[in-house]
Amino acid sequence: MDALRFALTLLTLVIALVAIGWPLSTWMARTYTTDRDWLVERGVYRLLGVDARAQQRWPNYLRGVLAISVLGVLLLYGIQRLQAVLPLSLGLPAVPEGLAFNTAISFVTNTNWQSYSPELTLGYTAQLAGLAVQNFLSAAIGMAVAITLVRGIASRGGTGVIGNVWVDLVRTLSRILVPGALIAAVVLLATGVIQNLSGFQTVQTLTGGTATIPGGPVASQEAIKLLGTNGGGFFNANSAHPFENPTGLSNLFEIVLMLVIPFALARTFGLMVGDRRQGRAVLAAMITLYVLCTAAVTALEVGGAGSATVAAGGAMEGKEQRFGVLWSALFGSTSTLTSTGAVNSMHDSYTPLGGMVTMLDMMLGELAPGGVGSGLYGFLMIAILAVFLAGLMIGRTPQYLGKKIAGREITFVSLYVLTTPTVILAGLGLTFAIPGVTADVAKTSIWNPGPHGFSEVLYAFTSAANNNGSAFAGLTANTPWLNAALGAAMWLGRYLPIVFVLALAGSFASQDTHVEAGADTGGLVTHRPQFVALAVGTVLVVAALTYLPVLALGPLAEGLA
Amino acid sequence: MSSVISRGPVRTWSVALGLLVLTTVATIVFTAVVTLIGLVLPAQANGSLVTSGGRVVGSALIGQSFTDAKGDALPQWFQSRPSAAGDGYDGGASSGSNLGPDNPDLVKAIDERKAAIVRQDGPGAVPADAVTASGSGLDPHVSEAYALRQVDRVAQARGLSAARVRALVEQHVQAPDLGFLGEPTVNVLQLNIALAALAR
């Protein structure tokens, strides 16, 4: 019965993704290529003094991205520090410095890691004027950066320009994210997600005791939380909270929201480079990895390993009855594969190896299908690496869609691929190498004994550097060291890769190509199953070589014991 | 697009202004529009509140504990799942236990919960949801199996026939959305409200 219901759920998911994603991918391609501005967009450009027709080279584009991000961090930090004097703060005090720093970076980098419990920390103004803005903006930045790489690949003539950052951001917001989130919020409202400003109500229960019912503008936050692959919950329990995710229908809809833009962007890529087969190949590789990982998490959770799981008779610790094991695993895998980090069940209580695969989902580099924008550029970087490897094997100058992958290009790709693992392993290494820090983390932060405690810290750095934001949430991360170290990991894990992507986009845009779109070049065809397999293999090999040793210390040690 | 190449520096004030415009749109306009739409769906927007005897006794979506002041189960009410939200079902502090799958504390807690259920409800298998804390700590549901397991105890405590109480449970089994999007559930608060009405 369970299996049949789950199969029907997956079928519905596929139908919904095709029905929404197909037209959306066409719409996104038009959004990023049209010459026509909307009236409201022209108004914004005039207000900001932006020349919408001016094209930028990559350093200028990067300066725009960094400027708005740094200002965003300052604004969000300021709002949290001023919470005590802001309206609708539910009487909550200012957020302490370390936590405010961590949270500001977390939301600006699209990570949405939460070192705090929202209902005990943030009032409505901080959530709305602070966090919601970054939920929109950080998603838009990811998409804009991805599009520059697509433009670079598609470019002809070697002009070196990759777009206009202000136009890309404004259009992403006005044509995709704001209308999309509005529709999503209404659907969520209809399923029972709350939307009010009532604060906490106390009611008398049937037994004569009291119960607290929280309020809040949840539907509006929830919509962009998922559509922008942000993942920061309005409540501590995130999408496990019945007011964030009340029913089986809302659960499926939230999964659709997380997946739809990242998958659709693969097709948008094909449209923009003038060769749909290339988009299909990217999509096929993303789907292959998504299915493999999701099947693994699901099977391991159903398998129910772990002494406590066996004692209970099923992996229901940290899971909601309405979602059961299957619909929890589907959500957990989707969230960790999309860099969203929302959870509808507590990953810390997953079976040892099931929890490990959610970690592995992130370690793949958030590209199957990854976050909005970041998934596409993450995958394209790996695809280019795969082309380069294949080029070495067949002994020809590697090219991707007519763009030569020479020393300069492969340098940017290599730096991109190495950044996240370096940040994770350095953060983890420092945590366990500095004696005072190790003692503090062991005493204050780690919640579970044995290798699982190590896994909590590994998960935290993996999540932060990959801008996912989910956690083995038993970890108390609101300490000076973890707030600082995870904050740094989120910042470096977001903006160093963006620098390399923009640099590569600029490098491609400077190459004068005269190749017919879709022509096979360099002896390597990049739209056939062989290439899809090569790209999938590259993802798996890079992740396995990088992370197997560290996984052996935590989840593997626990799961194979 | 035209080929004008922008070389100018980034003007901080215009970036800051852009951020303020976005803050206004994302905060005030977007939230206000969704909140206005929420007025059309007041039941959902306000938290699916449920009443009994003319007063609000909770939300259909937020679980509650049916225990005495000491936290012991009241035998005349159907019991919710264990909860890690505050002291149990604290709507101001949603949380899972986050205990790991091999944590000895969790094994011990599960064994104790099992023993308590066998003591109160009689011998037999105990469903997994009855001995595990949910992700939110506010799970409003239990499995049909756990609800049925409590029937004899509740019937006895209330002086009702077990058949009547069992029929009530069976009426309250909710199929998942569309029949397949998730697990079947029993809403504990709604079941207990119906139970109170039955007794009267």
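Residues numbered from 1 in each chain as written. Chains lettered and ligands numbered in written order. Predicted model: local features only at pLDDT ≥ 70, side-chain atom pairs only at ≥ 80, totals over all residues. Heavy atoms only, no water.

Moving on, we come to the overall build of chain A. Of the regular secondary structure elements, chain A holds 20 helices and six strands. Taken over C-alpha atoms, the radius of gyration comes to 23 Å for chain A, in line with the 24 Å a tight globule of 561 residues would show. The proportion of buried residues among the 561 residues of chain A is 66%. Of the contacts formed within chain A by residues at least 6 apart in sequence, a portion of 79% connects residues at least 24 apart. Of the roughly 17200 Å² of accessible surface on chain A, 70% is carried by carbon and sulfur atoms. Seen as two clouds, the 27 positive and the 25 negative side-chain charges of chain A have centres 13 Å apart. (Helix = DSSP H or I, 4+ residues; strand = E, 2+ residues; numbered from the N terminus. Rg over C-alpha atoms; globule rule 2.2 N^0.38 Å. Buried < 20%, exposed > 50% of the residue type's maximum accessible area, 1.4 Å probe, protein only. Contact = heavy atoms within 4.5 Å. Areas by Shrake-Rupley, 256 points an atom, 1.4 Å probe, with all protein chains shown as cover. Lys, Arg positive; Asp, Glu negative; His and termini not counted. Charge placed at Lys NZ, Arg CZ, Asp CG, Glu CD.)

This part is about the overall build of chain B. Helix and strand counts for chain B stand at eight helices and six strands. Computed over its C-alpha atoms, the radius of gyration of chain B comes to 24 Å, more than 25% above the 16 Å expected for a compact globule of 200 residues. On the principal axes, the C-alpha backbone points of chain B span a range of 85 × 45 × 35 Å. For chain B, with 200 residues in total, the buried portion stands at 51%.

Time to look at the UniProt feature "transmembrane region" (unreviewed entry) in chain B. The residues that UniProt annotates with the feature "transmembrane region" (unreviewed entry) are residues 12–41 of chain B. For residues 12–41 of chain B, the helix share is 90%, the strand share is 0%, and the end-to-end C-alpha distance is 42 Å. (UniProt positions renumbered as here; feature names shortened; annotations may be inferred.)

Residue and element names in this part refer to chain A. Viewed as axis vectors pointing N to C, helix α10 (residues 276–303) and helix α19 (residues 529–553) meet at an angle of 45°, and their least axial separation amounts to 9 Å. By the angle between their axes, α10 is oblique relative to α19. Between α10 and α19 the crossing geometry is right-handed. From α10, Ala281, Ala284, Ala285, Thr288 and Leu289 reach across to α19, where they touch Val532, Val536, Val539 and Leu540. (Axes fitted to C-alpha atoms, helices over the stretch in contact; angles between N-to-C directions. Parallel < 35°, antiparallel > 145°, perpendicular 65-115°, else oblique. Left-handed = near helix turned anticlockwise from the far one by under 90°.)

Tracing the sequence through the fold places A:Pro246 in the loop between α8 (218–227) and α9 (248–272). A:Pro246 sits 76 residues away from A:Arg322 along the chain, and the two C-alpha atoms are 8.6 Å apart. Setting aside chain neighbours within four positions, we find A:Pro246 in contact with A:Thr191, A:Gly192, A:Val193, A:Arg322 and B:Leu61.

Another point: the pairing of strand β3 (residues 201–204) of chain A. All names here are of chain A. Of the pairings in the sheet, the one linking β3 to strand β4 (residues 210–213) comprises four bridges and is antiparallel in character. Looking at the pairing, Thr202 lines up with Thr212 of β4. If you look at the hairpin formed by β3 and β4, you'll find five residues sitting between the two strands, and Gly208 has a positive phi there, around 95°. (Pairing = 2+ DSSP bridges.)

When pLDDT is averaged along chain B, the result is 94; 96% of the residues meet or exceed 70. For this predicted complex, the interface score ipTM comes out at 0.96, alongside a pTM of 0.97. (pLDDT = per-residue confidence, 0-100.)

Let us look at helix α18 (residues 480–510) of chain A. With 31 residues, α18(A) should reach 45 Å at 1.5 Å per residue; the first-to-last C-alpha distance of 45 Å fits that figure. Buried residues dominate α18(A), accounting for 22 of its 31 residues. (Expected span 1.5 Å × (residues − 1).)

Let us now look at the interface of chain A and chain B. Tallying the contact residues gives 107 residues for chain A and 97 residues for chain B. For the pairing of chain A and chain B, the buried interface totals around 8200 Å² over both sides, and the portion due to carbon and sulfur atoms is 64%. The largest contributions to the chain A side of the interface with chain B come from A:Leu206, A:Glu317 and A:Gln321, which together make up 10% of the buried area. There are one salt bridge connecting chain A and chain B. Here B:Glu183 makes a salt bridge to A:Arg5, at a shortest N to O gap of 3.1 Å. Ranked by residue count, the leading element in the side of chain A that touches chain B is helix α7 (residues 165–191) of chain A, at 10 residues. Here the residues of the side of chain A that touches chain B sort into 56 nonpolar, 36 polar and 15 charged. With two bridges connecting them, strand β1 (residues 55–57) of chain A and strand β1 (residues 5–6) of chain B associate as parallel partners. Bridge assignment links A:Gln55 to a residue of β1(B), and that residue is B:Ile5. (Buried area = accessible area lost by both parts, 1.4 Å probe. Salt bridge = Lys/Arg side-chain N within 4 Å of Asp/Glu carboxyl O. Nonpolar A, V, L, I, M, F, W, Y, C, P; charged D, E, K, R; others polar.)

Let's shift gears to the sheet that holds strand β4 (residues 141–142) of chain B. Residue and element names in this part refer to chain B. Within the open sheet, the three strands sit side by side as β4-β6-β5. Their pairing is antiparallel. In the strand order of this sheet, the two ends are held by β4 and β5 (173–174), each with one partner. Alignment of β5 against strand β6 (residues 185–187), held across two bridges, turns out to be antiparallel. Among the inter-strand pairings, Val173 is bridged to a residue of β6, identified as Val186.

This paragraph deals with the domain arrangement of chain B. Looking at chain B, the domain boundaries give domain 1 (8–46) and domain 2 (49–199). Of note, the centres of domain 1 of chain B and domain 2 of chain B, computed from C-alpha atoms alone, are 40 Å apart. (Domains from an automatic or database assignment.)

Residue and element names in this part refer to chain A. With an omega dihedral of 5°, the bond running from Ala368 to Pro369 counts as a cis peptide bond. Secondary-structure assignment places Pro369 in the loop between α13 (352–363) and α14 (374–394). Despite not being glycine, Asn112 has its phi angle at roughly 65°, a positive value. By the secondary structure assignment, Asn112 is in the loop between α4 (97–108) and α5 (118–121).

All names here are of chain A. With 12 residues, α4 extends 17 Å between its outermost C-alpha atoms, agreeing within 8% with the 16 Å of an ideal straight helix rising 1.5 Å per residue. Taken across its 12 residues, α4 has nine buried, putting it largely inside the fold. Every buried residue belonging to α4 is among Leu99, Ala100, Asn102, Thr103, Ala104, Ile105, Ser106, Phe107 and Val108, and all of these are buried. Buried residues belonging to α4 abut α3 (58–81), α5, α6 (124–154) and α18. After α4 finishes, the residue Asn110 shows a positive phi value of roughly 65°.

Let us look at the pattern of salt bridges. Residues and elements named next belong to chain A. Under the definition given, this model contains 16 salt bridges over all chains. Among the salt bridges present, the one from Arg171 reaches Asp37, with a minimum N-O distance of 2.9 Å. Remark: Asp37 occurs in the loop between α1 (2–33) and α2 (39–48) and Arg171 occurs in helix α7; sequence separation between them is 134 residues. Judged by relative accessible area, Arg171 falls into the buried class, the value being 1%.

What follows is about the sheet that holds strand β2 (residues 161–163) of chain A. Read from one edge to the other, the open sheet built from three strands follows the order β2(A)-β1(A)-β1(B), with strand pairing classed as mixed. The sheet is open, and its two borders are formed by β2 of chain A together with β1 of chain B, each paired with just one other strand.

What follows deals with the nonpolar core. If you look at the biggest cluster of nonpolar residues, it comprises 191 residues, and the most contacted ones within it are A:Leu149, A:Leu177, A:Ile261, A:Phe269 and A:Tyr400. Broken down by element, this core gets its largest block of residues, 18 residues, from α6(A). In terms of domain composition, this core takes at least three residues from each of domain 1 (8–46) and domain 2 (49–199) of chain B. (Core = buried A, V, L, I, M, F, W, Y, C linked by side-chain atoms within 4.5 Å.)

Residues and elements named next belong to chain A. Mapped onto the elements of the fold, Gln127 is located in helix α6. A polar contact of 3.4 Å, which involves the side chain of Gln127, links it to the backbone oxygen of Phe234. Contact partners of Gln127, with chain neighbours within four places excluded, come to Pro118, Leu122, Ala132, Gln221 and Phe234. (Polar contact = N/O pair within 3.5 Å; in protein donor to acceptor, adjacent residues only side chain to side chain.)

Within the secondary structure, A:Val40 is located in helix α2. In sequence terms A:Val40 and A:Met362 are 322 residues apart; their C-alpha atoms lie 38 Å from each other.

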